[in-house]
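# Structural description and commentary
Chain by chain, the residues run as shown.
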Amino acid sequence: MKENNEEKNLEVTGFIAKTEQYIERNKKTITIVVCAVVAVALAIWAYVGLVAQPRQVRAAEDMFAAEQWFNQGDFEKALNGDEQFMGFNDIIDEYGCTKSGNLAKYYAGVCQLNLGKYNEAIDLLKSYKGKDLFTGSQASMLIGDAYAEMENPSEAVKYYEKAAKGSDNFIVAPTALWKAGMMYLQLNDKESAIKAFRTIKEKFPESPEYVEADKYISYTESL
């Protein structure tokens, strides 16, 4: 037993000695690596604190006027701004990598949709990176609306289904399912239409679409 302990002690001592020798031989390289890691960490900290955060604050401030125009339904002005204040297009160009710049893509997509510029709306809404379930799913549903307006039900239904699957929200999901059902009717896909309407009945009894679902199930079955 004593011999085993002595052997283990020798192994540990040898390992420590080798480690010290390695550090001594590679002292310069290790120092450079450590300094590089510290430099990168400091650069990231400086960028976030001195550039990214102040830039986000400025973006939010500059977008305030555009949001007010959007809420008033002045979509053209919300998009392009005026001589004094930026519109969403300017915010995207100036602050595209910030949270506000990303949100401006969503707002701009809704504006383009309301102005009847459907391809532009689709491009903007697809570029929006929705972090929360509501706006992410809402963006998918709006893309579906744009395709529906362009009389492309096969593409529209894909995004309505995506919106419904991406959210359990009692506003977005049943509305997206309802719109999907209507697109399936246009595509003469009765089975999928009935499935969409029945999902509303089963999962969203509190939604406005629930009231009409039975009627449309019966209508679809009679076709």
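A brief report on the enclosed structure follows. These numbers come from a predicted model, not from an experiment.

Rules used in this analysis
- Residue numbers here run from 1 along each chain, matching the order of that chain's written sequence.
- Whole-chain, interface and lining totals are the exception, using all residues; otherwise, since this is a predicted model, local features are given only for residues with pLDDT of at least 70 and side-chain atom pairs are given and counted only at 80 or more.
- In computing side-chain values, all of the structure's heavy atoms are included and hydrogens and water are not.
- Runs of H or I in DSSP of at least four residues are treated as helices and runs of E of at least two as strands, each being numbered from the N terminus.
- Contacts are assigned to residue pairs with any non-hydrogen atoms lying within 4.5 Å of each other.
- Between the N-to-C directions of two axes lies an angle of 0 to 180 degrees, each axis being a line fitted to C-alpha atoms and, for a helix, fitted only over the stretch in contact.
- When describing relative orientation, an angle under 35 degrees is termed roughly parallel and one over 145 degrees roughly antiparallel, while 65 to 115 degrees is termed roughly perpendicular and anything else oblique.
- Each crossing gets its handedness from the near helix: less than a right angle anticlockwise from the far helix is left-handed, clockwise is right-handed.
- Throughout this description, the term nonpolar core refers to a set of buried Ala, Val, Leu, Ile, Met, Phe, Trp, Tyr and Cys residues connected via side-chain atoms within 4.5 Å.
- Here's how the labels work: a residue is buried when its accessible area is under 20% of the maximum for its type, exposed when over 50%, partly exposed in between, all with a 1.4 Å probe on protein chains only.
- The patch calculation keeps residues exceeding 30% relative accessible area without a salt bridge and links them within 9 Å when they carry like charges or within 5 Å when they are nonpolar (Val, Leu, Ile, Met, Phe, Trp, Tyr).
- To be clear on the numbers: accessible area is Shrake-Rupley with a 1.4 Å probe, and residue cover counts the displayed protein chains and nothing else.
- When a carboxyl oxygen of Asp or Glu is within 4 Å of a side-chain nitrogen of Lys or Arg, the pair counts as a salt bridge.

## Considerations on the environment of Ile122
Along the chain, Ile122 turns up in helix 6 (residues 118-127). Discounting chain neighbours no more than four positions away, the residues touching Ile122 are Ile143, Ala146, Tyr147 and Met150.

## Points about the packing of helix 9 (residues 172-186) against helix 10 (residues 190-203)
Taken N-terminus to C-terminus, the directions of helix 9 and helix 10 make an angle of 160°; their axes are 8 Å apart at the nearest point. For the element pair helix 9 / helix 10, the angle class is roughly antiparallel. Handedness of the crossing formed by helix 9 with helix 10: left-handed. Every residue of helix 10 that contacts helix 9 at Pro174, Leu177, Trp178, Gly181, Met182, Tyr184 and Leu185 is listed here: Ser192, Ala193, Ala196, Phe197, Thr199 and Ile200.

## Examining the side chain of Glu67
With respect to the helices and strands, Glu67 occurs in helix 2 (residues 27-71). Those residues in contact with Glu67, other than ones at most four positions away along the chain, are Phe88, Leu103 and Tyr107.

## A short note on the nonpolar core
Counting 50 residues, the largest nonpolar core has Phe70, Phe88, Tyr106 and Cys111 as the members making the most contacts within it. By residue number, the principal contributor to this core is helix 9, which donates 8 residues. With residues near it in sequence (within four places) discarded, Cys111 still touches Phe70, Phe75, Ala78, Leu79 and Phe88.

## Regarding a nonpolar patch on the surface
A contiguous nonpolar surface patch, about 280 Å² in accessible area, is contributed by Phe134, Phe170 and Ile171. Counting through the fold element by element, Phe134 comes out in helix 7 (residues 133-149). Assessed through its relative accessible area of 36%, Phe134 is described here as partly exposed.

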